[in-house]
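Now for the letters of each chain:
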Amino acid sequence: MFAKHLVKDGLIWRSISDKKRYRFIELTNGLKAILVSAPKSNDCNLQSPDDSGNFFLSNHFYFVTYLYSSYVHAEKEKLKLAAAALAVRAGSFQDPFDVEGLAHFVEHTILMGNKQFPAENDFDTFLNERCGYSNASTLYEYTMFYFELPNVYFDEALKRFSAIFHSPLFRDSSIIKEIKPVDCEFKDAISSDDCRVMQILASLAKDKHPLSVFTFGNSYSLVDVPQKKGINLQKEVKEFWSQYYHAQNMCLSVLAENDLDTIEEMVRKYFSTIRSAGSIITKMDLFNSSLDFPYILEFHKLYIIEPLQSGDYIHISWSLPPRFNCYKRKPSHLVSMILGHEGNGSLYSYLKRSGLVLEFIAGNEESNYDANSYQSVFLIKVQLTELGMKMLDHVVNTIFWFINQIRIKGIEKFYFDEEQFIRLYHFQYADDISPSSYCTKLASDMLKYPLEDVLIGSKIYYDFDSSLINQALEYLEPSKANFILLSQKQFDARSSQVYTEKWFETKYRVEEVPSQWLNTTSHSDYDQIYFPAQ
């Protein structure tokens, strides 16, 4: 089946409809890169800029000044864009517990000048003057940096991008200056109930487990706590960079209209100067990531949270071992496909038709929190109506009854075959995305998948494994779940003790899981719920 949809481009599988060309290289310092040459577009024929910053837009027959002309901004979407992304295999899991949020802070401060281009935010200034942009993000297991701009400026942009990583200055003034932006990002997140829920779950992780870390960082975790312990923040930043920001820990993706040989020449020229280093010991080596359950026993309780946003929600989640993140078999995806089906006769249609729910989501989102070296999260998230809140016992019972039906009946192979075909079709005829989005996805997937599967690992199904699916279903028991209820009325109505989470100051109550949720029963109207038809 794959032969109809995929073709090997060197070492990498790609869609037969994909006109881009790919090349993998590994530099002498150990940095790995995938180069992508995109076919040239006839929409806008750009020539190189002259020394004054002007360039000729031949299809429109006049000159423009790039920095000052509003016309260029109006025409931005017609320009041929290039992009690059660099993923560093170090994220919040590497935060020291005395300086929580350090990985995120390094992401900020590394951009504040380097030996080659010492001005603070020099790279952003360069991009902004040429209608480009950049961004960065810190996740649990890696940190991503990326940029995008018109292809005519790509060579110089790549040069400046590489300088960020091989010679950052980490000046004391820059360290102090970046505390406020990091603190502001945290304050922006305070109003997100999803972030607040995630931090409560982090508080349930075992002591000193990487999942317990406060990933955002703020002025208290980055300044007050270290100062009380006699820790120098600038020194911590430099040591973090020294330990993790080396070439063997980096994956680079580059997309441009240039031919592959030209792109390779640029990459080797600019990125070979990044220092290499030997093997390192991370926190991951201190935990048995494949066997240990990462949470304390209190994980298996009901948490009633005071929400900031409107609506009533119940989250039911399980932390499965990371082996269920297996990308070739995707056992959680097949379970979520049946559980989250929205057609006639589905669990969702029954609950919706009964006036109990507004939204029903099930599965593993493959975010860095849901799928990492320590766990594979399976989450059911339900938005309840007012009636659904009153009949919450029935809603929960119905969900677990249907999970049990999946366990009893099993998932037949024709579901896998159908989903495999759909995913292959979507992969073959996928819509184009922005160059920067393409590069960030490619760079992060270089950390997750073997080289030949880097384009398809997250997209398609390879093998049907009923045994692994059944093993995943065995974990989805009520007694193994964590329950979170976000409801102002329920929070106010309870009399149990109120706790306050340390970082977000979220107020919540903790109760035993109701016995009726742990003992599933059948109802006569459940005959309205059935599996998707073949």
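Rules used throughout
- Residue numbering note: each chain is counted from 1, following its sequence as written.
- Whole-chain, interface and lining totals are the exception, using all residues; otherwise, since this is a predicted model, local features are given only for residues with pLDDT of at least 70 and side-chain atom pairs are given and counted only at 80 or more.
- As a rule here, side-chain values come from all non-hydrogen atoms in the structure, and water together with hydrogens is ignored.
- Per-residue confidence from the predictor is given as pLDDT, running between 0 and 100.
- The contact criterion used is simple: two residues touch if any of their non-hydrogen atoms lie within 4.5 Å.
- By definition, a salt bridge exists where a carboxyl oxygen of Asp or Glu is found within 4 Å of a side-chain nitrogen of Lys or Arg.
- Secondary structure counts use DSSP, requiring at least four H or I residues in a row for a helix and at least two E residues in a row for a strand, with both numbered from the N terminus.
- Categorising residues by exposure relies on relative accessible area from a 1.4 Å probe, with only protein chains included: less than 20% of the type maximum marks a residue as buried, more than 50% marks it as exposed, and the intermediate range marks it as partly exposed.
- When DSSP finds two or more bridges between two strands, those strands count as paired.
- Simply put, an axis is a line fit to the C-alpha atoms, just over the touching stretch for a helix, and the angle between two N-to-C directions goes from 0 to 180 degrees.
- Under the pairing criterion, centres of Phe, Tyr and Trp rings, with the six-membered ring standing for Trp, must be within 6.5 Å; the plane angle then separates stacked pairs below 30 degrees from edge-to-face pairs above 60, leaving the rest tilted.
- Think of a 1 Å grid over just the protein atoms. A cavity is a set of points where a 1.4 Å probe fits yet cannot get out, a pocket is an open set with protein on both sides within 12 Å along at least five of seven lines, and lining residues have an atom within 4 Å of a point.
- Grid points are joined across faces, edges and corners, and a volume is the space filled by probe spheres set on the points.
- The nonpolar class holds Ala, Val, Leu, Ile, Met, Phe, Trp, Tyr, Cys and Pro. Asp, Glu, Lys and Arg form the charged class, and all remaining residues, Gly among them, are polar.
- We treat Lys and Arg as the positive residues and Asp and Glu as the negative residues; His and chain ends play no part in the count.
- Any N or O atom pair separated by 3.5 Å or less is treated as a polar contact, with the protein-specific requirement of one donor-capable and one acceptor-capable atom, and with residues adjacent in sequence counted only for side-chain atom pairs.
- Roughly parallel refers to an angle under 35 degrees, roughly antiparallel to one over 145, roughly perpendicular to one between 65 and 115, and oblique to any angle outside these ranges.
- For patch building, the residue pool is restricted to those with more than 30% relative accessible area and no salt bridge; the joining distance is 9 Å between like charges and 5 Å between nonpolar side chains (Val, Leu, Ile, Met, Phe, Trp, Tyr).
- Using the Shrake-Rupley algorithm and a 1.4 Å probe, accessible areas are obtained, with residue cover drawn only from the displayed protein chains.
- Take the residue count of a helix, subtract one, and multiply by 1.5 Å to get its expected span.

**Student:** Can you lay out the confidence of the model for the protein chain for me, pointing to particular residues and giving the numbers?
**Tutor:** Model confidence for the protein chain is summarised by a mean pLDDT of 90, while 90% of its residues fall at 70 or above. Segment residues 42-77 is flagged for pLDDT under 50; beyond a separation of four residues in sequence, or across chains, it makes 60 contacts in the model.

**Student:** Go over the pattern of salt bridges with me, naming the residues and quoting the values.
**Tutor:** Counted according to the given criterion, the structure contains 24 salt bridges. Arg-196 is the salt-bridge partner of Asp-193, the closest N and O atoms lying 3.8 Å from each other. Here Arg-196 and Asp-193 lie together in helix α7 (residues 193-203), a separation of three residues that amounts to about one turn. With a shortest N-O distance of 3.1 Å, Asp-465 and Arg-329 are connected by a salt bridge. Note that Asp-465 is positioned in the loop between α16 (435-448) and α17 (466-475) and Arg-329 in the loop between β12 (312-320) and α11 (331-339), a separation of 136 residues in sequence. By relative accessible area, Asp-465 is classed as partly exposed at 23%. According to the relative accessible area criterion, Arg-329 is partly exposed, its value standing at 29%. Because the salt bridges share partners, they merge into one network encompassing Arg-23, Asp-261, Glu-264 and Arg-268.

**Student:** Lay out the sheet that holds strand β14 (residues 376-384) in plain terms, naming residues and giving numbers.
**Tutor:** Strands sit in the order β13-β14-β12-β15-β11-β17-β16 across an open sheet of seven strands; the sheet is mixed. Edge positions in the sheet fall to β13 (357-363) and β16 (498-500), since each of these pairs with one other strand and no more. Sheet twist, expressed as the mean angle between neighbouring strand axes with direction ignored, is 20 degrees. Pairing between strand β11 (residues 302-305) and strand β17 (residues 507-511): four bridges, direction antiparallel. The residue of β17 that forms the bridge with Tyr-303 is Val-510. On the sheet, α7 packs against β11, β12, β14, β15 (482-486) and β17 and is oriented at approximately 145 degrees with respect to β15.

**Student:** Requested: an account of unusual backbone geometry, with residues and values cited.
**Tutor:** A positive phi is found at Asn-121, a non-glycine position, where the angle reads about 60 degrees. Considering the arrangement of structural elements, one finds Asn-121 in the loop between α2 (102-109) and α3 (122-128). Here Lys-330, not a glycine, exhibits a phi torsion of approximately 45 degrees, which is positive. Examined against the element boundaries, Lys-330 turns out to sit in the loop between β12 and α11.

**Student:** Mind laying out the packing of aromatic side chains, listing which residues take part and the relevant values?
**Tutor:** Throughout the structure, instances matching the rule amount to 41 aromatic pairs. On the numbers, 6.0 Å between centres and 85 degrees between planes, the contact of Trp-318 with Phe-400 is edge-to-face. With Trp-318 in strand β12 and Phe-400 in helix α14 (residues 392-409), this residue pair connects regions lying 82 residues apart in the sequence. Residues Trp-318 and Phe-400 agree in their burial class; the two are buried. Members of the aromatic cluster, connected to one another through ring pairs, are Phe-123, Phe-145, Phe-147, Phe-154, Phe-161, Phe-165, Tyr-245 and Phe-271.

**Student:** With reference to specific residues and values, describe empty space enclosed by the protein.
**Tutor:** Under the criterion given, the structure shown has two cavities of 30 Å³ or more. Volume-wise, the largest cavity comes out at about 60 Å³. Surrounding the largest cavity, Ile-110, Leu-111, Gly-113, Asn-114, Phe-117, Ala-119, Asp-122, Phe-123, Arg-160 and Ile-164 form its lining. Contributions of two or more residues to the lining of the largest cavity are made by α3 and α4 (154-166). The volume enclosed by the second largest cavity comes to roughly 30 Å³. The class makeup of the residues in the lining of the second largest cavity is two nonpolar, two polar and one charged.

**Student:** Please give an account of the side chain of Glu-501 that cites residues and values.
**Tutor:** With respect to the helices and strands, Glu-501 occurs in the loop between β16 and β17. No salt bridge forms around the buried Glu-501; measuring N to O, its nearest opposite-charge neighbour Arg-196 is 7.2 Å away. In this structure the side chain of Glu-501 is engaged in a polar contact, spanning 2.9 Å, whose partner is the backbone nitrogen of Trp-503.

**Student:** If you had to explain the packing of α11 against helix α15 (residues 413-428) to someone new, which residues and values would you point to?
**Tutor:** One way to put it is that α11 packs onto α15 with a least axis distance of 11 Å and a crossing angle of 100 degrees. Relative to α15, the element α11 lies roughly perpendicular. Every residue of α15 that contacts α11 at His-333, Leu-334, Met-337 and Ile-338 is listed here: Tyr-415, Phe-416, Glu-419 and Arg-423. Within the contact of α11 with α15, the residues separate by chemical class into five nonpolar, one polar and two charged.

**Student:** Tell me about a nonpolar patch on the surface, residues and numbers included.
**Tutor:** Residues Phe-421, Ile-422, Tyr-425 and Tyr-429 make up a contiguous nonpolar surface patch of roughly 400 Å² in combined accessible area. By secondary structure assignment, the location of Tyr-425 is in helix α15. A relative accessible area of 42% means that Tyr-425 is categorised as partly exposed.

**Student:** Please provide a residue-by-residue account of α14, values included.
**Tutor:** For α14, built from 18 residues, the straight-helix expectation of 26 Å at 1.5 Å per residue is met to within 8% by its first-to-last C-alpha distance of 26 Å. Most of α14 is tucked away: 14 of the 18 residues are buried. Looking one or two residues beyond α14, the residue adopting positive phi is Gly-410, at roughly 80 degrees.

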